Amino acid sequence: MTSVAAWLRKQAAGVSALALMIAVFAIGHPTFASDATKAEMAGAYGFKPLTIAMPGGGPAKTVRKVNQAYKHIDAWISSVGAAIALNDLDGNGRDDDLVIVDPRTDQVVVTPAPVEGGGERYRPFALSLGSLPVTDAMAPMGAVPADYNDDGRTDLLVYWWGRTPTLHLQRPTATRFEAAAFDAAELVPNPGGTKYTGELWNSNVATVADFDGDGKQDIFVGNYFPDGSPILDSRVDGGVQMNHSLSKAVNGGRDYFFRGTGNGGFTRLDGVLPSDVSTGWELGATSADLDGDGLPELLLNNDFGPDHLLYNTSKPGTITFSPTIGTHEIGVPKSKVLGEDSFKGMGSDAGDLNHDGILDFFVSNITTPYGIQESNFTFLSTAKSKAELREKLRQGEAPWKDLSAELRTAWSGWGWDPKIEDFDNDGENEIVQATGFIKGDVNRWPPLQELAAANDGVTSNPKSWPNVTEGADIAGAQTLAFFAKGPDGRYANLSEQLGLAVPVPTRGIATGDVNGDGLIDFAVARQWEAPAFYLNTSRSEGSFLGLRLLHDSPSATGPLPAAGSPVIGAQVTVTTSDGRTFVGRVDGGSGHSGKRSNAVHIGLGANVTGPVQVKLDWRDRAGQRHQQELRLTPGWHTLQLGSQAKEK
């Protein structure tokens, strides 16, 4: 017995470590809802697929022409670029206009959302670059609707591989809503001419917010491949690289901010972020005021490296951020700590998932069993109040904890754009997520898994990457995920039960109420296939509050109606008579390549039938901050925000 006791004492450290590993596995190992539970939960939802009208174009491509150094991975390089947004572009008062980036034709298409019985409001059209310089080695990657020149009309920012972003401003004198109703302009000045010779960016994300609190919209642009890389120039062999690490790469393209100066003017700001933050391989970004100080924070999602939650320390005229790091706890690996994670961040969204009045985050990663099995992140806030949250952020701490395993949102596939919305108005948010990578006939998971185990010293060389050409398949049959919260507080993926499980890689998701019935519809950008639209036919489980929050000036003039200028960044807090709290915001384009409408939609649940208490928090055109409390009845409202909120 003595010898046994001595042996156990000697092995105590190892035994303790083994016990800890078993405990962590038991806590963190994802489980899934039963088929019976899913079938019962699915009864609350319904989505009807409708065809999106698209203009005619040239022959549809299935892969991009790429730099010769990338020829053996041209399918990999061709795996992004499908994007979608939903907004009110034609000024009819509804978010029923789609903006679609279609990699098959490299067009940026504006088309009406397919509403049953609505008739044809206008014919689909592709945006034109007009007289701006172009090359055949550039391709659009996404578009962000906003009023960029403060005239009350919805414009578009398009970001590209192979050039700097372009602005497409609605002409106030236009008499028809068509391609000619938009004038193209440069965001970054360049030498001009017919052939583009300006800075060579490879942008994969952009978002709009008033980052410095001066009342004017600013623009953030995140890049992927290093600046100057001729990714799509098939006449060139070289001058490109891949990520120099699979978990901490900081050799990507730089991030850029453009400070709005009003009436369509923007000043480029270089060096806003530290170099190791600015040069991640960016695929997603979410902007939202987290601590209630009137300044939006920024969450950056990086492929091959940690995401970054940046605390906003800006002053009017100057944009500054400080990095934050999540709390380290026993049993939580570093790879799941916000700001130090090593997973492949593809996109994110913010929403209050636990009704504590503080926004939480859902982050998409690669979560393929027997492939690359990381996990999504569902970061729930741990701060007890916004005051506590603000103090922790000031100290560099990000008080959010990943509970994806416990909530059953950890696994879905090769994740991309997520959107957090209440699709059935029951007062609980759902999460819809794009997934899938490359669709083909030849399974290329094995060589990819070999790459995942490679030394960081070789990954930056394209020659070290396995052949992934047209015809390769990596997660090509994965489908949309639709996470709904069950009675036990955990989520179930109801995609198959709801008819959303189409085995086609998807990229961006756009959400909004296209027909004004109070149910959120959504559209999906598919990589190398036609986009999809899903009309929400769910059984509404309760009432809702919908808010269109617009600046009170200017009033747009001209032959065509105008949507008005949304107060991007405005915060909404709703308190119901039974004490529940809901929060929402006017989003300026969070996610990967999908952009929700600028309207605020909050499902209230079945117990709310009368007016609710609504607190609004916004900045006017001059940067003055205002707060006002109103009592509003459920349904849609349009409010003009100046020094006070007035119903239109």
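Note that this is a predicted model, so its numbers are computed, not measured.

Caption draft 1: How the structure looks around the packing of aromatic side chains. Across all of its chains, the model carries 38 aromatic pairs by this definition. Considering the side-chain rings of W201 and F258, the 6.3 Å spacing of their centres and the 45° angle between planes classify their relative orientation as tilted. With W201 in the loop between β9 (182–186) and β10 (203–209) and F258 in strand β12 (residues 256–262), this residue pair connects regions lying 57 residues apart in the sequence. Residue W201 shares its accessibility class with F258, and that shared class is buried. Measuring from centroid to centroid gives 6.3 Å for F362 and F483, while their planes differ by 45°, and the two rings are tilted. In this pair, F362 is assigned in strand β19 (residues 360–364) and F483 in strand β27 (residues 481–485), connecting sequence segments 121 residues apart. Neither residue differs from the other here; F362 and F483 are each classed as buried. Members of the aromatic cluster, each reached through a chain of ring pairs, are Y70, W76, W161, Y224, F225, W281, F304, W414, W416, F437, W445 and W465. For R548, the ring lying beneath its charged end belongs to W636, and the centroid distance is 4.6 Å.

Caption draft 2: Here's a closer look at the sheet that holds β12. Pairing is antiparallel in the open sheet, where four strands are placed in the order β10-β11-β12-β13. Taken across any chain shown, the strands that pair with only one partner, and hence form the sheet edges, are β10 and β13 (265–269). Neighbour-to-neighbour, the strand axes of the sheet open up by a mean angle of 20°, direction not taken into account. With five bridges joining them, β12 and β13 adopt antiparallel strand pairing. Across the sheet, the residue bridging to G260 is F266, located in β13.

Caption draft 3: The arrangement of the UniProt feature "domain: ASPIC/UnbV" (unreviewed entry) in the chain in detail. UniProt's entry tags residues 568–626 with the feature "domain: ASPIC/UnbV" (unreviewed entry), counted in the numbering of this structure. Between the first and last C-alpha atoms of residues 568–626 the distance is 14 Å; the span itself is 0% helix and 47% strand.

Caption draft 4: Inspection of the nonpolar core at higher detail. If you look at the biggest cluster of nonpolar residues, it comprises 100 residues, and the most contacted ones within it are W76, Y148, W414, F482, F522, L547 and L616. One finds V110, L129, M138 and A181 within the second-largest nonpolar core, a separate group that totals 22 residues.

Caption draft 5: View of the pattern of salt bridges. Scanning the model with the defined rule gives 35 salt bridges in all. Measuring nitrogen to oxygen at the nearest pair gives 3.3 Å for the salt bridge that ties D97 to R121. With D97 in strand β3 (residues 97–102) and R121 in the loop between β4 (107–112) and β5 (125–126), this residue pair connects regions lying 24 residues apart in the sequence. When its relative accessible area of 0% is taken as the criterion, D97 is described as buried. On the basis of relative accessible area, R121 is assigned to the partly exposed category, the value being 34%. Between E541 and R539 there is a salt bridge, and its shortest N-O distance comes to 2.9 Å. Overall, the relative accessible area of 27% leaves E541 in the partly exposed class. Three or more residues are tied together by salt bridges with common partners; here these are D349, E421, R585, D587 and R596.

Caption draft 6: Layout of the sheet that holds strand β21 (residues 397–398). The five strands lie next to each other as β14-β15-β16-β17-β21, forming an open sheet whose pairing is mixed. Only two strands of the sheet have a single partner each, and these edge strands are β14 (281–288) and β21. Pairing of strand β17 (residues 321–326) with β21, which is carried by two bridges, proceeds in the parallel orientation. For I325, the partnering residue across the bridge sits in β21 and is E397. Packing against the sheet, helix α6 (residues 386–394) makes contact with β16 (308–312), β17 and β21, and its axis sits at approximately 105° to β16.

Calculation notes
- Residues numbered from 1 in each chain as written.
- Predicted model: local features only at pLDDT ≥ 70, side-chain atom pairs only at ≥ 80, totals over all residues.
- Heavy atoms only, no water.
- Phe/Tyr/Trp six-rings, centres within 6.5 Å; stacked < 30°, edge-to-face > 60°.
- Helix = DSSP H or I, 4+ residues; strand = E, 2+ residues; numbered from the N terminus.
- Buried < 20%, exposed > 50% of the residue type's maximum accessible area, 1.4 Å probe, protein only.
- Lys NZ or Arg CZ within 6 Å of the ring centre and 35° of its normal.
- Pairing = 2+ DSSP bridges.
- Axes fitted to C-alpha atoms, helices over the stretch in contact; angles between N-to-C directions.
- UniProt positions renumbered as here; feature names shortened; annotations may be inferred.
- Core = buried A, V, L, I, M, F, W, Y, C linked by side-chain atoms within 4.5 Å.
- Salt bridge = Lys/Arg side-chain N within 4 Å of Asp/Glu carboxyl O.
- Contact = heavy atoms within 4.5 Å.

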